[in-house]
Amino acid sequence: MKGNYLIYIAVMALTTYAVRALPFTAFAGKIKNRFFKSFLYYVPYAVLTAMTLPAILYSTGNIISAAVGLAIAVVLSIMEKDLMTVALFSCIGVYLAEWLI
Amino acid sequence: MNGFVKGLRDGIPIALGYLAVSFSFGILGVKYGLSVGETVIISMTNLTSAGQFAGVGIIAAGGSYIEMFISQLVINLRYSLMSISLSQKVDKDFGTPARLALGFAVTDEIFAVASGQKEEVSKKYFLGLATLPYFGWAVGTLLGGLSHNLLPQRICTALGVALYGMFVAIVVPAVKKARSVAVVAAVAAVLSCLLYWQPWLDISSGFSVIICAVAASAVGAAVFPVAEEERS
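Residues numbered from 1 in each chain as written. Chains lettered and ligands numbered in written order. Predicted model: local features only at pLDDT ≥ 70, side-chain atom pairs only at ≥ 80, totals over all residues.

Colleague: Got a sec to walk through the overall build of chain A? Specific residues and values, please.
Modeller: When its secondary structure is counted, chain A shows 4 helices and 0 strands. Across chain A, helices and strands are ordered from the amino to the carboxyl terminus as α-α-α-α. Here the C-alpha atoms of chain A give a radius of gyration of 20 Å, more than 25% beyond the 13 Å that 2.2 N^0.38 yields for 101 residues. Along the three orthogonal principal directions, the C-alpha set of chain A runs to about 50 × 50 × 20 Å. (Helix = DSSP H or I, 4+ residues; strand = E, 2+ residues; numbered from the N terminus. Rg over C-alpha atoms; globule rule 2.2 N^0.38 Å.)

Colleague: I'd like a description of the overall build of chain B, backed by residues and values.
Modeller: The secondary structure content of chain B amounts to 13 helices and 0 strands. A compact globule built from 232 residues should have a C-alpha radius of gyration of about 17 Å, and chain B, at 18 Å, falls within 12% of that. With respect to the three principal axes, the spread of C-alpha positions in chain B is 55 × 50 × 35 Å. Among the 232 residues that make up chain B, the fraction classed as buried is 50%. Pairs at least 24 residues apart make up 80% of the contacts formed inside chain B by residues separated by at least 6 positions. (Buried ≥ 20, exposed ≤ 12 C-beta atoms within 10 Å, placed from the backbone. Contact = placed C-beta atoms within 7 Å.)

Colleague: Tell me about the interface of chain A and chain B, residues and numbers included.
Modeller: In this complex, chain A contributes 61 residues to the contact, which on the side of chain B involves 82 residues. If you list the elements that add at least two residues to the side of chain A that touches chain B, you get α1 (2-26), α2 (34-52), α3 (63-78) and α4 (83-100) of chain A. A per-element tally of the side of chain A that touches chain B places α2(A) first, with 18 residues. Residues of the side of chain A that touches chain B, tallied by class, amount to 43 nonpolar, 12 polar and 6 charged. (Nonpolar A, V, L, I, M, F, W, Y, C, P; charged D, E, K, R; others polar.)

Colleague: Describe in detail the confidence of the model for chain B, supporting the description with residues and values.
Modeller: Of all residues in chain B, 96% attain a pLDDT of 70 or more, and the chain-wide mean is 88. Per the prediction output, this complex has pTM 0.79; the corresponding ipTM is 0.87. (pLDDT = per-residue confidence, 0-100.)

Colleague: Could you give an account of the packing of α2(A) against helix α5 (residues 78-87) of chain B, naming the residues involved and the relevant values?
Modeller: At their nearest, the axes of α2(A) and α5(B) sit 9 Å apart, and the two run at 135° to each other. Judged by the angle between their axes, α2(A) and α5(B) are oblique. With respect to the hand of their crossing, α2(A) and α5(B) are arranged in left-handed fashion. Contacts between α2(A) and α5(B) involve A:Leu40, A:Val43, A:Pro44 and A:Val47 from the first element and B:Arg78, B:Leu81, B:Met82, B:Ile84 and B:Ser85 from the second. Of the residues belonging to the contact of α2(A) with α5(B), the class tally is 7 nonpolar, 1 polar and 1 charged. (Axes fitted to C-alpha atoms, helices over the stretch in contact; angles between N-to-C directions. Parallel < 35°, antiparallel > 145°, perpendicular 65-115°, else oblique. Left-handed = near helix turned anticlockwise from the far one by under 90°.)

Colleague: Which residues make up the domain arrangement of chain B, and what are the values?
Modeller: Residues and elements named next belong to chain B. When its domains are assigned, chain B resolves into domain 1 (3-163) and domain 2 (178-232). Distance from the C-alpha centre of domain 1 to the C-alpha centre of domain 2: 23 Å. Tallying the contact residues gives 7 residues for domain 1 and 7 residues for domain 2. At the level of secondary structure, the elements contributing two or more residues to the side of domain 1 that touches domain 2 comprise α4 (65-76) and α5. Ranked by residue count, the leading element in the side of domain 1 that touches domain 2 is α4, at 3 residues. Residue classes in the side of domain 1 that touches domain 2 are distributed as 5 nonpolar, 1 polar and 1 charged. (Domains from an automatic or database assignment.)

This is how it looks when you write it as structure tokens:
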């Protein structure tokens, strides 16, 4: 059974490594195609938005406290506070909201 | 400032968020019958959240290796998109050996912070950025595996929102600056909510991210092509 665990872990680790490191290494030169360049320029924002919404609303087990955390994060981000500040205060907001509910 | 030190500093909030998330992973792994050591090895060799949670589920259910491979591929394929994007963001000295080694550390959060940098990303900066989150992820898993109740539940819950808070802090300022980014983010948000709430298909979160990101970025590239100088 222990052997099986190690094979499982090896399959997990190698697959996860390959999907990350191979494209990172293969696209070594600067891409010239304008559409593809523009596409890649937008990828980070599209990825992060799709990962945040609506998942953040279900990240605390309570949609109200999660919404409080999201609202605080949005407001502080509009004020252009740094990552650490935004993350910290949205946690504090969730904590207080959970405590109040 | 030295690139490595700046990276270390930028990695602190990621590492704190990882402590909380990997803590819950540690608890889950032990609950599913893995040893603390095995659970920590998974964290140290994978460094990914959704993939690991799905992976220990498959181990616990006695799934096949093929099932494990396909689940990891589907859930983690979004990293390929991030890696290609990041490959265009790194500087000239970021050679093949560094890419093969540091490519391991392309996580959602590390990618987010690296691509949010104004200047090109050096390997020193990237190494610094990845260091504390890597150990945070491993240590959190260890603590979670060893103790089911080291942190009060409410603090764990509150920390769960930290990583999303960081994502918001990266996207919102860019949305303020450029209407094109605002449109791309809006398309991604609407599509992601539709896919999440539609009742017909069971789409994994990893696959949903790929669909939304590809569609929204393609819309952005078609409607607002980036001028040459903006990318350089």
